[in-house]
Amino acid sequence: MPLSPASPHLRWNAVKGWAAATLLFLAAVTFCFFALYYEQLMHKGFIIDDAYISLRHAKNFVLGHGFNFNADERVEGYTNFLWTLLMTPPLYFGYPAEPLVKVLGILSAVGIIVAVFLLARHTVGTLPGILLAAALALDPRLAVLSTWGLEITFYPMLYGFAIYALLTGRTVLAALLFAGACMTRIEGVLLVGLSALYLLWSDRHLAPSSGWLELRTLMPWTRRFLVFSGVFAAIFGTYFALRWAYYGYMLPNTFYAKVGTPWNSAARGLKYIHEMLSRMGLFGVVMLALALAAGIGVWLLVRAIRRHRQALAIEPLAADQKERDRLLLIAMLFVYLAYTVAVGGDHFGERFIYHALVIVLVGTVVALSFAVDQAARALSSRHQGIQAARPVLRTTIASVVAAVVLHGLATHPHRFGDMPGLIGWASLGVYLKNNAPQGASVATDAAGAIPYFSELPSIDTLGLGDIHIAHKKVPNLGRGAAGHEKGDPQYVLDRKPTYFASWVGPSGEMGRDYNRFFDYRTNYAFEGLVDMGRWDLNGNRVHLAPAGATEDEIRAFIKRLAPEGSPFGLAKRLPAARPEVSLRHSDLRSRLVDPLPILPDAILVAKAGHQPTHVLFGPYFRFGPGSYEWKVTLSFANVPSEPTQLCQFEALSGSGRGEAVTYSAPLNSVEAAERAEIVLSHTFTIAGEATDADQNIRLWCEGKADLVVRSVVVSRK
């Protein structure tokens, strides 16, 4: 039977299809190998700390407490509802959820590879799609992130397939996938809005030229738009209304804890975009794509205005369906990067960039090929050969850009830290579960593995899982590390947690400024350290300090167990509060020497002859409501015989400009010569709620006698 003229073309397409499928399969297998390799090398069966926050919500749901951080508090401390929901089946049947989320993460990453290939093939050609798929298969970051236990790969997989379904006419499927994506990350609604506009734009040729108020003339134009919007609204709208009614806030609690004012967040977001794309070797090519696409758009708009043709700015960019598809991806690239800048990026490295991974990769390739294509179109009126070469030129440029992406991802090493610290937190959680007294609770700034494994009521001191802290007003929010700027130590102390778990200083002082609070210093004692440096999963990692250890013994204990610094410690609430706080050398400062040397029997020794200055000031403490007393014990030697002022003692509120000196008393040489030891004291009161102002003492000396400051004590009256 003779072959038809079309048969060779059909056979060639079939060969290309099988070749592409084979290469795509090899890319998926290669990626899975790398993902499992990094899982065994780095994660050892654990997921990152923030993933345990989602897992804690899932566990509480299975136990009948709702999707909440604590059983008795309605707090949406997660941002990935659908992903968290997927964690519940193994927990319900009594199995660990970590293996499931790792498998789902790897499969979702394979889905990203497929979605990127399909979108690239649809918009710019098969070869760029294969190159982008290869880039992802060889990307160590994607392999590591896929087993983190977060929605980092699940979310872009969902919206990637949703966009492809939309571009290929599967409107209902696109709406379903977009609903799932938005139930995973709420910012997906930005892509849904652009997709709805795309449908109206694509079907505008069906718009009526008259009779705009007649339903029968509007239906052909808006049918796909209405179907898409209706299906999406029925699913996501129902979910959104229910979660708003349940939690009481329109956005997740984490949004209020992380996102600051637009100008502060934008500065941090721009820095984040630059650093993360540079790490991936993509900053230059992405910025070039955005600049060229924006420049072409402005040029066409200006030309349209000059020619007084309102449609000229759009029609040349939408001569066929494929060009409309490309413009949608370019618009999504602009909008998603703008959103990332507006919220200030993220604390966990490239996570937000990988949320936008499908759009960043395909959008960049499409934007650059689009810019070249439009330039060729403008020249084709004078050079007829360019018009015929445009498809080849577009595919060539897209392939070159895809090759640049492949090189950047495959050759720029990832900078993810290892996981011993997480294993330490998990070990601490298990220790608390086995040793905490009945009714105990824990306050921590590592609010994932510790609360999850301990199963104790927990206070997230950074506010991701706490409504009060998340909604606390903080000046200049957005300038610091995302998610690590808010806190309210006095509020946490008022809740009287049994344990504090955080990074500690050389003397066991608790991080996040808790050591500066009188209520913490009188009610808590250093309990022990967590070994954060070992890889092995066996053995106890919680090392308890000797009972009743002195400050010097605690320093030696910490130095022995954490010689490289950055120790993570545990403090426990005392059965009865201490009556007073004797300040340490690390609590105070001096203009003569800083830091203060550790002396066995004194806080400070200052010899005569020094310049008049503040020889002692601090401790920048904060207090709850009540009455308190400062006591400074000092002595002088070699006091001059003639009457003269030796020092000035001040108690003040505040540590900056506008500080209020509440007490000031001079000490002269006559009084110093008469007494071997002098006690300077001042009583002050904090009325109403706890003050945000630091409370301090200052000792100003003339330097005319030898001074020894024996002790500085503050007590509750």
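Use the structure listed above.
A brief look at the structure comes next. (Residues numbered from 1 in each chain as written. Predicted model: local features only at pLDDT ≥ 70, side-chain atom pairs only at ≥ 80, totals over all residues. Heavy atoms only, no water.)

Observations concerning the packing of helix H10 (residues 189–202) against helix H15 (residues 321–342)
Step number 1: As a packed pair, H10 and H15 sit with axes 10 Å apart at the nearest point and diverge in direction by 155°. Comparing their axes, H15 and H10 come out roughly antiparallel. For the pair H10 and H15, the sense of crossing is right-handed. Of the residues in H15, those in contact with Leu 190, Leu 191, Leu 194, Ser 195, Tyr 198, Trp 201 and Ser 202 of H10 are Gln 321, Arg 324, Asp 325, Leu 327, Leu 328, Ala 331, Met 332, Val 335, Tyr 336 and Tyr 339.
Step number 2: Its residues assigned to classes, the contact of H10 with H15 comprises 12 nonpolar, 3 polar and 2 charged. (Axes fitted to C-alpha atoms, helices over the stretch in contact; angles between N-to-C directions. Helix = DSSP H or I, 4+ residues; strand = E, 2+ residues; numbered from the N terminus. Parallel < 35°, antiparallel > 145°, perpendicular 65-115°, else oblique. Left-handed = near helix turned anticlockwise from the far one by under 90°. Contact = heavy atoms within 4.5 Å. Nonpolar A, V, L, I, M, F, W, Y, C, P; charged D, E, K, R; others polar.)

Quick word on the sheet that holds strand E6 (residues 568–573)
In a beta sheet, neighbouring strands pair by backbone hydrogen bonds and run either parallel or antiparallel.
Step number 1: Across the sheet, which stays open at both edges, the 6 strands sit in the order E2-E1-E3-E6-E4-E5 with mixed pairing between neighbours. With one partner strand each, in any of the chains shown, strand E2 (458–460) and strand E5 (542–544) form the two edges of the open sheet. For this sheet, the mean angle separating the axes of adjacent strands, direction not counted, is 25°.
Step number 2: Sheet strands touched by helix H24 (residues 551–561): strand E4 (524–530) and E5. Its angle to E4, the strand with the most contacts, is close to 20°. (Pairing = 2+ DSSP bridges.)

Thoughts on a nonpolar patch on the surface
Step number 1: A surface patch of nonpolar side chains, amounting to about 350 Å² of accessible area, comprises Val 172, Leu 173, Leu 176, Val 227 and Ile 235.
Step number 2: When residues of the nonpolar patch are assigned to their parent elements, the largest contribution, 3 residues, is made by helix H9 (residues 171–184).
Step number 3: You can see Leu 176 is positioned in helix H9. (Patch = residues over 30% accessible without salt bridge, like charges linked within 9 Å, V, L, I, M, F, W, Y side chains within 5 Å. Areas by Shrake-Rupley, 256 points an atom, 1.4 Å probe, with all protein chains shown as cover. Salt bridge = Lys/Arg side-chain N within 4 Å of Asp/Glu carboxyl O.)

Quick word on the nonpolar core
Step number 1: One finds Phe 31, Tyr 159 and Leu 428 to be the most contacted residues of the largest nonpolar core, which totals 146 residues.
Step number 2: It is helix H17 (residues 357–380) that contributes the most residues to this core, 12 residues altogether.
Step number 3: Excluding anything up to four places from it in sequence, Phe 31 contacts Ile 106, Ala 109, Val 110, Ile 113, Leu 136, Ala 137, Leu 142, Ala 143 and Ser 146.
Step number 4: Val 581, Phe 649, Ala 672 and Ile 678 belong to the second-largest nonpolar core, a separate cluster that totals 35 residues. (Core = buried A, V, L, I, M, F, W, Y, C linked by side-chain atoms within 4.5 Å. Buried < 20%, exposed > 50% of the residue type's maximum accessible area, 1.4 Å probe, protein only.)

Structural notes on the packing of aromatic side chains
Step number 1: What the rule picks out here adds up to 40 aromatic pairs.
Step number 2: An aromatic cluster is defined as three or more aromatic residues linked by ring pairs; in this entry it consists of Phe 61, Phe 67, Tyr 78, Phe 81, Phe 232, Phe 236, Tyr 239, Phe 240, Trp 244, Tyr 246 and Tyr 247.
Step number 3: Its end group placed over the ring of Phe 69, Arg 56 keeps NZ or CZ at 4.9 Å from the ring centre.
Step number 4: One Lys or Arg, Lys 59, reaches over the ring of Tyr 452 and ends 3.9 Å from the middle of that ring. (Phe/Tyr/Trp six-rings, centres within 6.5 Å; stacked < 30°, edge-to-face > 60°. Lys NZ or Arg CZ within 6 Å of the ring centre and 35° of its normal.)

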